[in-house]
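Report on the structure
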Amino acid sequence: VEFCEKATAFLNVSSRNVVAVHCRGGKGRTGTFCSALMRWVKMFPNTHACKHYYARRRTLSRKSGADMMLLGGEGPEDEETES
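Everything in this summary refers to the structure shown in the same document. (Residues numbered from 1 in each chain as written. Predicted model: local features only at pLDDT ≥ 70, side-chain atom pairs only at ≥ 80, totals over all residues. Heavy atoms only, no water.)

Some details on the overall build of the chain
Note the cut-off: Helix and strand definitions here come from DSSP, where helices need a minimum of 4 consecutive H or I residues and strands a minimum of 2 consecutive E residues; each element is numbered from the N-terminal end. The classification of residues rests on relative accessible area computed with a 1.4 Å probe and restricted to protein chains. Under 20% of the type maximum is buried, over 50% is exposed, and intermediate values are partly exposed. What makes two residues a contact is simply this: any of their non-hydrogen atoms within 4.5 Å. To measure how exposed things are, a 1.4 Å probe is used in the Shrake-Rupley method; for residues, cover is taken only from the protein chains shown.
Regarding its fold elements, the chain presents three helices and zero strands. Listing each helix as α and each strand as β along the chain from the N terminus yields α-α-α. Each of the 83 residues in the chain was classed as buried or not, and the buried ones make up 25%. A separation of at least 24 residues holds for 44% of the contacts in the chain among residues at least 6 apart in sequence. As presented, the chain carries roughly 6200 Å² of accessible surface, and 55% of it is formed by carbon and sulfur atoms.

Things to note about the packing of helix α1 (residues 2–13) against helix α2 (residues 29–40)
Rules: Orientation is described by lines fitted to C-alpha atoms, with helices fitted over the stretch in contact, and by angles between N-to-C directions that extend from 0 to 180 degrees. Should an angle fall under 35 degrees it is called roughly parallel, over 145 degrees roughly antiparallel, and 65 to 115 degrees roughly perpendicular, with every other angle called oblique. In this scheme the crossing of two helices becomes right-handed for a clockwise turn of the near helix relative to the far one and left-handed for an anticlockwise turn of less than a right angle. Charged residues are taken to be Asp, Glu, Lys and Arg, nonpolar residues to be Ala, Val, Leu, Ile, Met, Phe, Trp, Tyr, Cys and Pro, and polar residues to be all remaining types, Gly included.
At a minimum axis distance of 10 Å, the contact between α1 and α2 shows a crossing angle of 65°. One element, α1, and the other, α2, form an angle in the roughly perpendicular class. As α1 runs across α2, the sense of the crossing is right-handed. Residues F3, C4, E5, A7, T8 and L11 of α1 lie in contact with α2, whose contacting residues are F33, A36, L37 and W40. Across the contact of α1 with α2, the residue classes tally to eight nonpolar, one polar and one charged.

Overview of the packing of aromatic side chains
Counted only if it meets this: Put simply, two rings from Phe, Tyr or Trp (the six-membered ring, in Trp's case) pair if the centres are within 6.5 Å, and we call them stacked under 30 degrees between planes, edge-to-face over 60, tilted for the rest.
Applying the stated criterion across every chain yields a total of two aromatic pairs. For the pair F3 and F33, a centre-to-centre distance of 4.8 Å together with 85° between the ring planes defines the contact as edge-to-face. One end of the pair, F3, is in helix α1; the other, F33, is in helix α2, with 30 residues separating them in the sequence. Its relative accessible area of 25% is what places F3 among the partly exposed residues. You can call F33 partly exposed: its relative accessible area is 36%. Taken together, a centroid distance of 5.1 Å and an interplanar angle of 40° make the contact between F44 and Y53 tilted. Y53 sits in the partly exposed class, given a relative accessible area of 32%.

All we've got here are geometric facts, nothing functional implied.
Next up, the structure:
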């Protein structure tokens, strides 16, 4: 919730502001935070739509065919947590 509140406040200051979120794989933590923010600002009607949009946009920007696996149903909640 704190991330979404702060990110929204920052984005609302200027249309030129952007929020960059990154983790090693770009699926688990990044996908969770990006999907949460999209839902927070009501970009989509439900969390499934947010996760699907994130997964689709993430894979469209990749050049490697191996990264297309995310479209097969993997979502942010499917990544194993690191110990």
